[in-house]
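A closer look at the structure
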Amino acid sequence: MKKNFIVAIDGYAGSGKSTIAKEVAKRLNFFYLDTGAMYRAITYKIIKERINYQNEEELKRLLKNIKINFKEEKGKIRVYLDSEDVTEKIREPEVEKLVSPISAIKIVREKLVKLQRNIARQKNIIAEGRDITSVVFPKADVKIFVDCQLKERAKRRFKEAKEKGYKIKFREVLKNLIIRDKIDQGRKYSPLRKTADSIYLDTTNLTIEEEVDLVKSLIEYLKGKR
Ligand code: DC
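Quick caveat: nothing in here was measured; it's all calculated off a predicted structure.

1. Side note on the pairing of strand β3 (residues 68-73)
Across six bridges, the pairing between β3 and strand β4 (residues 76-81) is antiparallel. Residue pairing for β4: I68 is matched across the bridge by L81. Between β3 and the antiparallel strand that follows it, β4, lie two residues; K74 among them carries a positive phi value of about 50°.

2. Side note on the site of the ligand
The immediate surroundings of the ligand are formed by 17 residues, with R40, S100, R109, D131 and R187 found nearest. In this structure, an oxygen atom belonging to the ligand sits 3.0 Å away from a side-chain N or O atom of R180. Out of a free accessible area of 440 Å², the ligand has 99% covered by protein chains. Among the elements of the structure, α2 (35-48), α4 (93-103) and α8 (170-186) are those that each provide at least two residues to the shell around the ligand. Looking at the shell around the ligand, the element that brings in the most residues is α2, giving four residues.

3. Re the sheet that holds β3
If you trace the three strands from one edge of the open sheet to the other, you get β3-β4-β5, paired in antiparallel fashion. The sheet terminates laterally at β3 and β5 (84-85), the two strands that pair on one side only. Sitting on the sheet, α2 touches β3, β4 and β5, and the angle it makes with β3 is about 115°.

4. So, the pattern of salt bridges
Under the criterion given, the structure shown has 27 salt bridges. For E84, the salt bridge identified is with K48, shortest N-O distance 2.9 Å. Taken together, the positions of E84 in strand β5 and K48 in helix α2 put the pair 36 residues apart, joining distant regions of the chain. We classify K48 as exposed; its relative accessible area is 51%. A salt bridge links K159 to E163; the nearest nitrogen and oxygen atoms lie 3.4 Å apart. With K159 and E163 both in helix α7 (residues 150-163), this residue pair falls four residues apart, about one helical turn. We classify K159 as exposed; its relative accessible area is 53%. Through salt bridges with shared partners, one network takes in E23, K26, R27, E209 and D213.

Rules used in this analysis
- Residues numbered from 1 in each chain as written.
- Predicted model: local features only at pLDDT ≥ 70, side-chain atom pairs only at ≥ 80, totals over all residues.
- Heavy atoms only, no water.
- Pairing = 2+ DSSP bridges.
- Helix = DSSP H or I, 4+ residues; strand = E, 2+ residues; numbered from the N terminus.
- Near = heavy atom within 4 Å.
- Polar contact = N/O pair within 3.5 Å; in protein donor to acceptor, adjacent residues only side chain to side chain.
- Areas by Shrake-Rupley, 256 points an atom, 1.4 Å probe, with all protein chains shown as cover.
- Contact = heavy atoms within 4.5 Å.
- Axes fitted to C-alpha atoms, helices over the stretch in contact; angles between N-to-C directions.
- Salt bridge = Lys/Arg side-chain N within 4 Å of Asp/Glu carboxyl O.
- Buried < 20%, exposed > 50% of the residue type's maximum accessible area, 1.4 Å probe, protein only.

Rendered as structure tokens:
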């Protein structure tokens, strides 16, 4: 049997990695795996069930039976937690604030890495997150690290939040990103980092179309060589 093709993308919040991964996956007919959505889904469940996530026993119980699924509906990927559609809820500011500290917890990461590897079995996938190139799929066929200057990332996130109707100030978005970067890079387990074998892509001065084209061409080229 032919081995599946795995593209692993890591990068900062707001760097463009999700937009790139989603769009390239669509164009190449790959499965798009948004691992951030999985950390967000767990965070949403913790908030909803008022779990004290610092209590390991309570957290273990919550993680034991959690089910996270992605389903394509009308050309869009929807995120299901157990049987609830949480696609929009996991993007709300409450989740946004708590997701970084929760994703720094070892047992949360262990659970999700296992689920992510299971999802990737026998599928051509593009997975994006913070530890995809370093931990989840270190032997991926293509590994990319996406970077972008902080101010530009804040501008993109602020625009997205405004479009969704969230009342949030630019300053707050910027502050959240700085805090998020610090936690994601500084945590003990699977910190965000560029692995030596990842291709570095800075999107600060690129349009969405340009970055999508670049990554798509790169994957096609490397896939052709395999
Ligand atoms: O990509 P995102 O903004 O949806 O990610 C939300 C949070 O989840 C982010 O603060 C870091 C965490 N995350 C992670 O630790 N590991 C991943 N593979 C993906 C996301």
